[in-house]
Amino acid sequence: MNDKQFKKIVWLIFLTGLALRSVWVYLVPLWQQAVEYPHFYYIQHIYKYKELPVSKAEFPDYEGFQPPMYYLLASGIYSLSPNLDTQREQRGNEVVLDWRSQQFQNKNGMARILRWLSVALWMGTFWVSYQFLKRLFQDKKEIILLSLSLLAFLPTYLSNSSAITNDGL
């Protein structure tokens, strides 16, 4: 395969991975990703109290032990328009997480924006990985394409890089 074909395939993998994440951001109901709400709660806490939370064993405080880089970045984004968080007055156990409940709210603009932050982090990971793989496997384009396909299509990574979580960092 020549370089032009190779680059087209890389773009196809990237754009398909981006499309899958875009669908995931909007079609998976809020808080249905693994510990998505506790991560969001961590961000809300930093915004509201201007300090890192203290980790506790109970919901939703159990993510407070996590390294703060992602949360500081996300709370900076949150602070640009906190009114997009339609549930900012309901916190912790007050928020209904079960999407089958009549009280469940699936519309929260800030949560969607923070899901997009994870997608943006995935885009950076994809690009850095591509640059690294090109240098490491210069003439082994199949290995590069396979590796990039795993980054784009591995189901667990697809869901984690489309949710509010610090896994992108």
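Keep in mind it's a predicted model, so treat the numbers as computed, not measured.

Undergrad: I'm lost on unusual backbone geometry in this one. Help?
TA: Most peptide bonds take the trans configuration, and most residues that are not glycine carry a negative phi. In this structure, proline 60 follows phenylalanine 59 across a cis peptide bond, with omega equal to -5°. One non-glycine residue, tryptophan 31, adopts positive backbone phi at about 70°. Counting through the fold element by element, tryptophan 31 comes out in the loop between α1 (3-27) and α2 (36-49). By relative accessible area, which is 6% here, tryptophan 31 ends up buried. The phi angle at lysine 50 is positive, at roughly 60°, despite the residue not being glycine. Within the secondary structure layout, lysine 50 lies in the loop between α2 and α3 (69-80).

Undergrad: Just checking my understanding: could you explain a nonpolar patch on the surface for this structure?
TA: Where nonpolar side chains cluster on the molecular surface, the patch consists of Leu146, Leu150 and Leu154 and spans about 290 Å² of accessible area. When you line up the elements, leucine 150 lands in helix α5 (residues 141-153). By relative accessible area, leucine 150 is classed as partly exposed at 48%.

What counts as what
Residues numbered from 1 in each chain as written. Predicted model: local features only at pLDDT ≥ 70, side-chain atom pairs only at ≥ 80, totals over all residues. Heavy atoms only, no water. Helix = DSSP H or I, 4+ residues; strand = E, 2+ residues; numbered from the N terminus. Buried < 20%, exposed > 50% of the residue type's maximum accessible area, 1.4 Å probe, protein only. Patch = residues over 30% accessible without salt bridge, like charges linked within 9 Å, V, L, I, M, F, W, Y side chains within 5 Å. Areas by Shrake-Rupley, 256 points an atom, 1.4 Å probe, with all protein chains shown as cover. Salt bridge = Lys/Arg side-chain N within 4 Å of Asp/Glu carboxyl O.

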